[in-house]
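Reading the structure
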Amino acid sequence: MKAVVVYEKGRFEVRDVPLPRISDGDVLIRINYAALCYRDLLQLAGYYPRMRYPVILGHEAVGVVVESRDPRFRPGDRVVPLLHEPDGTCEFCLRGLDAYCPNAGSYGENLDGFFAEYARVSANALVKVPNNVPDELAVLTPCVLAMVYKGLKRAGFTRGETVVVTGASGGVGIHAVQLAKALGARVIAVTRSEEKAGFIRKFADEVIVGSRFSDSVKSLTDGVGADVVIETVGTPTLNESLKSLRTGGRAIIIGNVNPDESYQLRLGYIIMKDLLIIGNVRSNKSDVAETLKLLGSGVVKPIIAATYPLDKFSEALEFMRNSSRIGKVLLKTQ
Ligand SMILES: [Zn+2]
Ligand SMILES: [Zn+2]
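In this numbering scheme, every chain counts its residues from 1 along its sequence in written order. Chain letters and ligand numbers both follow the written order, the letters beginning at A and the numbers at 1. Totals for whole chains, interfaces and linings use every residue, but because this is a predicted model, local features are given only for residues with pLDDT of at least 70 and side-chain atom pairs only at 80 or more, for both listing and counting. The basis for every side-chain value is the complete set of heavy atoms in the structure, and neither hydrogens nor water enter the calculation.

**Some remarks on the coordination of the zinc ion (ligand 2)**
- Only N, O and S atoms count as donors, using a 2.8 Å limit from the metal and a wider 3.2 Å limit for Na, K and Ca, and since water is excluded some coordination spheres may look unfilled. At the metal site, the zinc ion (ligand 2) is ligated by Asp-87 (OD), Cys-90 (SG), Cys-93 (SG) and Cys-101 (SG), and these contacts range over 2.1 to 2.3 Å.
- With four donor atoms in place around the zinc ion (ligand 2) and angles of 96 to 119° between them, the coordination shape is tetrahedral.
- Read from N- to C-terminus, the donor residues coordinating the zinc ion (ligand 2) fall into the pattern D-x2-C-x2-C-x7-C.
- By relative accessible area, which is 21% here, Asp-87 ends up partly exposed.
- Using a relative accessible area of 13% as the deciding quantity, one classes Cys-93 as buried. The rule is simple: four donors are tetrahedral if all their angles sit between 85 and 135 degrees, four are square planar and six octahedral if opposite donors span more than 155 degrees and the others lie between 65 and 115, and anything that fits none of that is irregular. Each residue gets one of three labels from its accessible area relative to the maximum for its type: buried under 20%, exposed over 50%, partly exposed in between, using a 1.4 Å probe on protein chains only.

**Some thoughts on the pattern of salt bridges**
- By definition, a salt bridge exists where a carboxyl oxygen of Asp or Glu is found within 4 Å of a side-chain nitrogen of Lys or Arg. The full count for this structure, using the stated rule, is 21 salt bridges.
- With a shortest N-O distance of 2.5 Å, Asp-227 and Arg-246 are connected by a salt bridge. Of this pair, Asp-227 sits in strand S14 (residues 226-231) while Arg-246 sits in strand S15 (residues 245-253), and the two are 19 residues apart along the sequence.
- Connected through shared salt-bridge partners, Glu-161, Asp-227, Arg-246 and Arg-250 make up one network. Helical segments are the DSSP runs of H or I of at least four residues, strand segments are the runs of E of at least two, and each set is numbered from the N terminus.

**Side note on the domain arrangement of the protein chain**
- Each assigned domain of the protein chain is listed with its residue range as follows: domain 1 (2-140 + 302-332) and domain 2 (144-278).
- An automatic or database domain assignment is the source of the domain bounds shown. Placing a centre on the C-alpha atoms of domain 1 and another on those of domain 2 gives a separation of 27 Å.
- We call two residues in contact whenever any of their non-hydrogen atoms come within 4.5 Å of each other. Taken together, the contacts link 14 residues of domain 1 with 17 residues of domain 2.
- At the boundary of domain 1 with domain 2, total buried surface from both sides reaches about 1300 Å², with 64% on carbon and sulfur atoms.
- Counting across the domain 1 and domain 2 interface gives zero salt bridges.
- Here a polar contact is taken to be a pair of N or O atoms separated by no more than 3.5 Å, where protein atoms must pair a possible hydrogen donor with a possible acceptor and residues adjacent in sequence count only if both atoms sit in side chains. The interface formed by domain 1 and domain 2 holds six residue pairs in polar contact (both at pLDDT 80 or more) in total.
- Residues are grouped as follows: Ala, Val, Leu, Ile, Met, Phe, Trp, Tyr, Cys and Pro are nonpolar; Asp, Glu, Lys and Arg are charged; all remaining types, including Gly, are polar. Here the residues of the side of domain 1 that touches domain 2 are counted per class, giving nine nonpolar, two polar and three charged. Buried area is a sum: the accessible area each of two parts loses on coming together, probed at 1.4 Å, counted once for each and added.

Below you can see the structure in the form of structure tokens.
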């Protein structure tokens, strides 16, 4: 089968590799779509501590079971894998907190991932996709929509609250806007691009264009500030995000990590405004299942900037890095 293989730090090629072999508790899936993510760039650059070479890149996929050695799945089941492979037996897994499993492997890092025609996945890492969720939306669930869902849940979000989404045209941002809206938020989207604001306006209640947005958020909230910020950009917008929050506000930090950059956190904002800062390593299986259930009602439209075949992976990567796009980049793997 064809696969994107990272054979040393920073170097990859699309090459032919043997079909993965499965053991007890595993499932072989035929991958329909995979999606590109900034995490791929970080893994490719070797920033993750447990990188193993060679490794097949990719951690966002949707596929169909072709062979199962676990009673929970049968050939024909449509599934999405988590970003990680929990052991299913530790105290965290047993409490439904499999995202914190200390023994979990990680796809595209120390386990072969999904930029391939087929993949071996432990049944512990799989969630069935309901029939009413299309592949293009399912592929975005574990690393995008369920992350946002989990963040809002941890933030104690309730309907009617105001949610600011930074980087609103990005792969995470444009879907975060829609999911927050579907959960009953008043959504204020922030983008740097005037040109993309029109598109974002279809989904958000208000759009602010520019990098200094906290004053605009304040004036849109009668001087009070937003209840929640979903930060998808990272250090360039974080200060403004924290300034946008009301006293007792919550910041959900989803992206983007630049490992070469240090950031000076203004403790004053956090202490004096009683802020809650929420990280987001990965979603739990229950978050993915709950999000898929919600998506079945058609409340979120997948926004796909481009779809490339597997052997055009280099071009897909270049497009993700350099283009002015809205939404996610997919790989059609079959
Ligand atoms: Zn991802
Ligand atoms: Zn575990």
